[in-house]
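# Chains, contacts and geometry: an overview
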Amino acid sequence: MNRLKTLTDEYLKLRARLEQGGGAERIKKQHDQGKLTARERVAEILDKDGPWVEIGLLVAWDQYDGQAPAAGVVTGLGRVGGRPVVVVANDATVKAGSWWPETIKKILRAQEIAMRQRIPIIYLVDSAGVNLPYQGGVFPGQYGAARIFYYNSIMRRYLKVPQIAAVMGPCIAGGAYLPALSDVIFMVDGTSFMGLGGPNLVKGATGQVVDAETLGGAATHTAVSAVAHYRAKDDRDCLARIREYVGRLPHAPNSRRTHSAPKRDTKALYALIPVDHRMSYDVRALLECLLDAGRLDEFQPDVAPEMICGHGAIEGRQVAVIANSRGVIKGKKKNEAPRIGGIIYTESAEKVAYFIENADRERVPLLFIQDVSGFMVGTEAEHTGIIRAGARFVEAMATATVPKLVLTVNHASGAGYYAMAGQGFDPDFIVSWPTGRMGVMEGESAIQAVYGADAAKPDNAGAVEAMRADYEHQLDATFAGARGFVDAILTPEETRDRLAFLLEVSAEFTGPHLGAFALPSLS
């Protein structure tokens, strides 16, 4: 049984199900209203046959009894007129596009990508507003819905990131500030409504009886209130006009890049990853499937070989690669103990820190290929200064101002996950294969940490087995995807192309890639 193939097939089935949103009946209802669905709108606005990297497809898939596929909002990256853009589209087939707590998380992540990369963001609004039973996770808090409007304002006033909003259905209450804080607003005849309160709320609050079109329809807001700027006859007309609008924004076209195909076909990756996640494999063979001509100009290959550092390219774009080498590495000296690949030692931490600092000076993006079990422990490691070396590794990674991309292949454990540009350090993008396993430690290690020698006692068998099963569940890549710990899960076949596009996107902003965004000098 091929572990990577099995998990990939399971993931593809889940992906296909989530892409159906609220299901066939609700899709038909959307069409009967004369509207396209969120995914149809995204497909219509993006360049045909262009890339699409969906961000957060799995978010909330295993919550709310399956009632919130993709948290009711489609977010991702594609091209419009050849330039990268972020798209946010409410999925009205999922609870009328209402906002769950995780909807906020996804919109904020999409905005942060636009801010970090300084690329246009397009909002396709079709939402009934806050999902009221879950308002406690939507309305208050530092990262509640208010944060969306904060980001809107920062983009407008300081970052100069183009924000284009299309109201293509209801846009009610506080949600109306999202288009209002955008640069331009498009509305669609007959299907758009924008207002701080709908007709029912207006009647209850003021006693006034008014229909939705008169209160906040496309004609009202483009001809009476002047809140909106453009009026379209239907969804397709609206999306075509947005494409035209984005097309005339200043942008230096990307130069064509010549590049060699990888040395190995990406399908070879399925045979490469072992059935047992604890077993070793040839990481250099993996890189031969991803890099142009499979070529890696390795940095200090004879020093700390458990960490691979080197320079290569993906579809003509240069990257500085840092990868964990899985396997047992013989000691250099006769009586020296072998090193275990996937573990970070003092020498390897020092090597990678130096390599990162060089890449930052040279302005070369960093690509971390994660399969890390953590830092080495024990007397020898402590006596050689593993804590200080690890801190230097983390600091070099955290303060590097070049783009950072992460691909989790297998393990992402302990402080090693942090050092290899874990999510808390704001990598530009973090993606995973279906085999990714993200956690403090593996289940067997956790069992030993909690039970020690008592793990084998019959009285503890039930608790030990429950703990093992719980860890397996939480270490699954789809668990991480459901909580937004990774931006996307990729199949091996699509990994190289997606990484190439994400490198293109991250090259849009040549300034420092630090934090969710970097403000220009305000002095």
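Preceding block: the structure.
Residues numbered from 1 in each chain as written. Predicted model: local features only at pLDDT ≥ 70, side-chain atom pairs only at ≥ 80, totals over all residues. Heavy atoms only, no water.

Before going further, it helps to examine the environment of Thr-510. With respect to the helices, strands and loops of the structure, Thr-510 is situated in the segment after helix H20 (492–506). Between the alpha carbons of Thr-510 and Arg-118 there is a distance of 9.5 Å; along the sequence they are 392 residues apart. (Helix = DSSP H or I, 4+ residues; strand = E, 2+ residues; numbered from the N terminus.)

Within strand E2 (residues 73–80), seven of the eight residues are buried, which leaves it mostly tucked inside the rest of the structure. Note that strand E1 (residues 52–54) and E2 share three bridges and pair antiparallel. Pairing of Glu-54 across the sheet is with Gly-76, part of E2. With eight bridges connecting them, E2 and strand E3 (residues 83–90) associate as antiparallel partners. Bridge pairing in E3 links Val-80 to Arg-83. In textbook terms, the turn of a hairpin is the stretch between consecutive antiparallel strands, and for E2 and E3 this stretch comprises two residues, one of which, Gly-81, has a positive phi near 60 degrees. (Buried < 20%, exposed > 50% of the residue type's maximum accessible area, 1.4 Å probe, protein only. Pairing = 2+ DSSP bridges.)

Time to look at the pairing of strand E11 (residues 317–324). The side chains of a regular strand alternate, residue by residue, between the two faces of the sheet. Extensive coverage of E11 is indicated by the burial of seven of its eight residues. By the bridge criterion, eight bridges tie strand E10 (residues 307–314) to E11 in an arrangement that is antiparallel. Counted as the bridge partner of Met-307 is Asn-324 from E11. Note that E11 and strand E15 (residues 366–372) share four bridges and pair parallel. By the bridge assignment for E15, Ile-322 is matched with Phe-368.

In this section: the packing of aromatic side chains. Two numbers describe a pair of aromatic rings. These are the distance of the centres and the angle of the planes. As enumerated under the stated definition, the model contains 14 aromatic pairs in all. Between Tyr-150 and Tyr-151, the ring centres sit 5.9 Å apart and the planes meet at 35 degrees, which makes this aromatic pair tilted. The exposure class of Tyr-151 is buried, given its relative accessible area of 2%. With 5.2 Å between their ring centres and 45 degrees between their planes, Phe-299 and Phe-355 make a pair best called tilted. In this pair, Phe-299 is assigned in the loop between strand E9 (297–298) and E10 and Phe-355 in helix H13 (residues 346–362), connecting sequence segments 56 residues apart. For the pair formed by Phe-299 and Phe-355, the shared burial category is buried. Within the aromatic cluster, the residues linked to one another by ring pairs are Tyr-64, Trp-100 and Tyr-134. Its end group placed over the ring of Phe-509, Arg-118 keeps NZ or CZ at 4.0 Å from the ring centre. Lying over the aromatic face of Tyr-345, Arg-339 brings its terminal NZ or CZ to 4.9 Å of the ring centre. (Phe/Tyr/Trp six-rings, centres within 6.5 Å; stacked < 30°, edge-to-face > 60°. Lys NZ or Arg CZ within 6 Å of the ring centre and 35° of its normal.)

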